[in-house]
Amino acid sequence: MTNNTQQELAEYFRHNVEKTLQVCVPGNDEADITPATRLLEKRREIQDLEAGLTREKDEFRIRMDMLAQRREELTRKEGMLGDSLTKFEKFLKDNDAKRNRAVKKAHEERKFREAKELEIARLKDQVAQLSRVRVRQERQVRQGMHYQRYLESILEVAEGFSEIRDLLSRFDTLSMTNAELVDRARVAQDRNEAERQAFQARGEEKNTTILNLNNTIATLKLRLEELEARSAAWQLAIERSMHGARQKSLELGQVRMATNNLFNLVKLHLNNRVTSTTKALDQLDKIQQFILDLSEIIQLDRAGEGGTAAAAASSSSSGGGAGNPANASVAAGGGGGIAAASAVHA
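Only a predicted model underlies this, so the values are computations on that prediction, with no experimental measurement involved.

## A few points about the overall build of the protein
1) Next: A count of helical and extended segments in the protein gives six helices and zero strands.
2) Next: Ordered by position in the sequence, the α and β elements of the protein form the string α-α-α-α-α-α.
3) Next: Here the protein, with 346 residues, has 13% of them falling under the buried criterion.
4) Next: Of the contacts made within the protein by residues no fewer than 6 positions apart, 61% connect residues no fewer than 24 positions apart.
5) Next: Carbon and sulfur atoms provide 57% of the accessible area of the protein, an area that totals close to 27,100 Å².

Here it is as structure tokens:
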């Protein structure tokens, strides 16, 4: 599509420049215009040509701006398509990760069940052991009654506790508070870790987005440089075309001026016996005919001079001399022939 657009722009540009560079040939009523007036008219034509080229350049720039906007839209759509593709790939990766996690979880649960079965067997053993321990501890309780007496002695000196149960309740409360604080600290630590991981994930995602945007900017810069290079090449082509048009216009004016001057000289030499015309081709035909006629007259003149010289030499050898009437008539006849030939060609 880009190549077709470039070809259409090149064809449009070439057609408009060729149409603008058409040179108008002066009409029949410009024969008597002075060279200075023609020069002013040529300058005015060149100015009109430059104004036309400026308008064409403005239209071309507008078309290039529209093309740049279309390319920007295409680039934006390509970016959106790339984002969609990235999200789809991420979705596939997430599904694969979920499937892997599910398989891993099933494997872990199977291992967990086996571990629980082993643990049940172990706990049964522990229950048996604990039963034996309970018996042993009951025996130890009976043997540890002196601790009871110790707590009773503490109640006697401690304030705020009336019974051993109150003292044990206070101890249990402090133990539970400690355990709760430990649990809170662990939850806060887990929340902290989750927040840190989420922040790290968001940072990586933003870095990826920034990298993609930088790549897009670099691609757009390369395209901008390419368009600027093409614009400079087209600008150079325009300038060359304008220079060629000026040179051709100048050469055409010089040729027409020289042709008109030669035609005026021919008219003056033939005493205005040539039909006046302002067409350059007709003037060149008249000039060519005059030159051919003049060449023929010169050849006749040279032939007449040769015949006269031969007759004079013959008369001198026969004793007639320069005063022979025959020689005079031959010379007169030769001059009259040249004049007659000149009149006939005129």
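Back to the text.
## Structural notes on the packing of aromatic side chains
1) Next: Tallied over the full model, the rule gives one aromatic pair.
2) Next: Measuring from centroid to centroid gives 4.9 Å for Phe 60 and Trp 234, while their planes differ by 75°, and the two rings are edge-to-face. Of this pair, Phe 60 sits in helix H2 (residues 35-143) while Trp 234 sits in helix H4 (residues 164-269), placing them 174 residues apart in sequence.

## Topic: the layout of surface pockets
Here the idea is plain: a probe the size of a water molecule rolls over the atoms and shows the empty space left.
1) Next: There is about 840 Å³ of room inside the largest pocket.
2) Next: Gly 82, Asp 83, Thr 86, Thr 209 and Asn 212 are the residues nearest the centre of the largest pocket, which is lined by 24 residues in total.
3) Next: Looking at the lining of the largest pocket, the elements that each hand over two or more residues are H2 and H4.
4) Next: Take the lining of the largest pocket: its biggest share by element is 13 residues, from H2.
5) Next: Of the residues in the lining of the largest pocket, the class split is five nonpolar, nine polar and 10 charged.

## What about the side chain of Thr 75?
1) Next: Here Thr 75 shows up in helix H2.
2) Next: Residue classification places Thr 75 among the buried residues on the basis of a relative accessible area of 13%.
3) Next: A polar atom in the side chain of Thr 75 sits 3.0 Å from the side chain of Arg 223.
4) Next: Setting aside residues up to four positions removed in sequence, Thr 75 forms contacts with Thr 216, Leu 220 and Arg 223.

## Remarks on a positive patch on the surface
1) Next: A cluster of basic residues, Arg 132, Arg 136, Arg 139 and Arg 142, forms a positive patch at the surface.
2) Next: Position of Arg 132 among the secondary structure elements: in helix H2.

## Side note on the confidence of the model for the protein
1) Next: Scored by pLDDT, the protein has a mean of 78; 79% of the residues are at 70 or more.
2) Next: The secondary-structure element of the protein with the lowest mean pLDDT is helix H6 (residues 325-345), recorded at 36, while H4 shows the highest, at 88.
3) Next: Contacts from residues 317-346, a stretch scored under 50 in pLDDT, to residues over four places away or in other chains number 21 contacts.

## A word on the nonpolar core
1) Next: Within the largest apolar cluster, six residues are counted, these being Phe 263, Val 266, Leu 270, Val 274, Ile 287 and Phe 290.
2) Next: Of all the secondary structure elements, the ones that give two or more residues to this core are H4 and helix H5 (280-318).
3) Next: Contact partners of Phe 263, with chain neighbours within four places excluded, come to Val 274, Thr 275, Ser 276, Thr 277, Gln 283, Lys 286 and Ile 287.
4) Next: Counting residues in each nonpolar core, the second largest holds five residues, with Leu 49, Ile 238, Met 242 and Ala 245 among its members.

## Focus on the pattern of salt bridges
1) Next: On inspection of all chains with the given rule, the structure shows 14 salt bridges.
2) Next: The shortest N-O distance in the salt bridge between Arg 134 and Glu 138 comes to 2.9 Å. Note that Arg 134 and Glu 138 are positioned in helix H2 at a spacing of four residues, about one turn of the helix.
3) Next: Under the relative-accessibility criterion, Arg 134 is labelled partly exposed at 48%.

## Quick notes on the packing of H2 against H4
1) Next: The geometry of H2 relative to H4 is characterised by a closest axis approach of 11 Å and an angle of 165° between their N-to-C directions. Considering the angle they form, H2 stands roughly antiparallel to H4. Relative to H4, the crossing made by H2 is right-handed.
2) Next: The residue inventory of the contact of H2 with H4, partitioned by class, reads 13 nonpolar, four polar and eight charged.

What counts, and at which threshold
- Residues numbered from 1 in each chain as written.
- Predicted model: local features only at pLDDT ≥ 70, side-chain atom pairs only at ≥ 80, totals over all residues.
- Heavy atoms only, no water.
- Helix = DSSP H or I, 4+ residues; strand = E, 2+ residues; numbered from the N terminus.
- Buried < 20%, exposed > 50% of the residue type's maximum accessible area, 1.4 Å probe, protein only.
- Contact = heavy atoms within 4.5 Å.
- Areas by Shrake-Rupley, 256 points an atom, 1.4 Å probe, with all protein chains shown as cover.
- Phe/Tyr/Trp six-rings, centres within 6.5 Å; stacked < 30°, edge-to-face > 60°.
- 1 Å grid on protein atoms, 1.4 Å probe; cavity = no way out; pocket = protein on both sides within 12 Å on 5 of 7 lines; lining within 4 Å.
- Points joined across faces, edges and corners; volume = space filled by probe spheres on them.
- Nonpolar A, V, L, I, M, F, W, Y, C, P; charged D, E, K, R; others polar.
- Polar contact = N/O pair within 3.5 Å; in protein donor to acceptor, adjacent residues only side chain to side chain.
- Patch = residues over 30% accessible without salt bridge, like charges linked within 9 Å, V, L, I, M, F, W, Y side chains within 5 Å.
- Salt bridge = Lys/Arg side-chain N within 4 Å of Asp/Glu carboxyl O.
- Lys, Arg positive; Asp, Glu negative; His and termini not counted.
- Charge placed at Lys NZ, Arg CZ, Asp CG, Glu CD.
- pLDDT = per-residue confidence, 0-100.
- Core = buried A, V, L, I, M, F, W, Y, C linked by side-chain atoms within 4.5 Å.
- Axes fitted to C-alpha atoms, helices over the stretch in contact; angles between N-to-C directions.
- Parallel < 35°, antiparallel > 145°, perpendicular 65-115°, else oblique.
- Left-handed = near helix turned anticlockwise from the far one by under 90°.

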